[in-house]
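So you can see what is in the structure, the chains are spelled out below.
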Amino acid sequence: MSCLPEETSLEGKEWGGGHGVFSYYFLNGITGLADQDGDGQVNLKEIERYLEDHVPEAALQHNNHI
């Protein structure tokens, strides 16, 4: 679910001990890191923005180290 059929899912120890990059940031986001307005809840727009801000950058950094 984290990538399209022609894409590769990235997994590694750097993302929570072996999660995929998407799962790692999704879990961090829904547990509070994506709460941009500080209301104690993470809504769909907040998690979407959090993932857009973090997943591509983490994947790019990973690919640059290969």
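Everything here concerns the structure above.
Small disclaimer: the values here were computed from a predicted structure and weren't measured.

### Quick word on a nonpolar patch on the surface
Side chains of Phe22, Phe26, Leu27 and Ile30 sit close together on the surface and give an oily, nonpolar patch of about 320 Å² of accessible area. Here leucine 27 is to be found in helix 1 (residues 21-33). With relative accessibility at 39%, the residue leucine 27 sits in the partly exposed group.

### Considerations on the nonpolar core
Residues Trp15, Val21, Tyr25, Ala34, Ile47, Tyr50, Leu51, Val55 and Ala58 constitute the largest nonpolar core, which totals nine residues. Element by element, the count of residues in this core is highest for helix 2 (residues 44-64), at five residues.

### Notes on the pattern of salt bridges
One pass over the full model with this rule turns up one salt bridge. Taking the shortest distance from any N to any O, the salt bridge between arginine 49 and aspartate 53 comes out at 3.0 Å. Note that arginine 49 and aspartate 53 are positioned in helix 2 at a spacing of four residues, about one turn of the helix.

### Considerations on the environment of threonine 31
Assignment of secondary structure puts threonine 31 in helix 1. Considering only alpha carbons, one finds threonine 31 and glutamine 41, ten residues apart in sequence, at a separation of 8.9 Å. A polar atom in the side chain of threonine 31 sits 2.9 Å from the backbone oxygen of leucine 27. Polar contacts involving the side chain of threonine 31 include one to the main-chain carbonyl oxygen of asparagine 28, which spans 3.1 Å.

Thresholds, definitions, all that
Residues numbered from 1 in each chain as written. Predicted model: local features only at pLDDT ≥ 70, side-chain atom pairs only at ≥ 80, totals over all residues. Heavy atoms only, no water. Patch = residues over 30% accessible without salt bridge, like charges linked within 9 Å, V, L, I, M, F, W, Y side chains within 5 Å. Areas by Shrake-Rupley, 256 points an atom, 1.4 Å probe, with all protein chains shown as cover. Salt bridge = Lys/Arg side-chain N within 4 Å of Asp/Glu carboxyl O. Helix = DSSP H or I, 4+ residues; strand = E, 2+ residues; numbered from the N terminus. Buried < 20%, exposed > 50% of the residue type's maximum accessible area, 1.4 Å probe, protein only. Core = buried A, V, L, I, M, F, W, Y, C linked by side-chain atoms within 4.5 Å. Polar contact = N/O pair within 3.5 Å; in protein donor to acceptor, adjacent residues only side chain to side chain.

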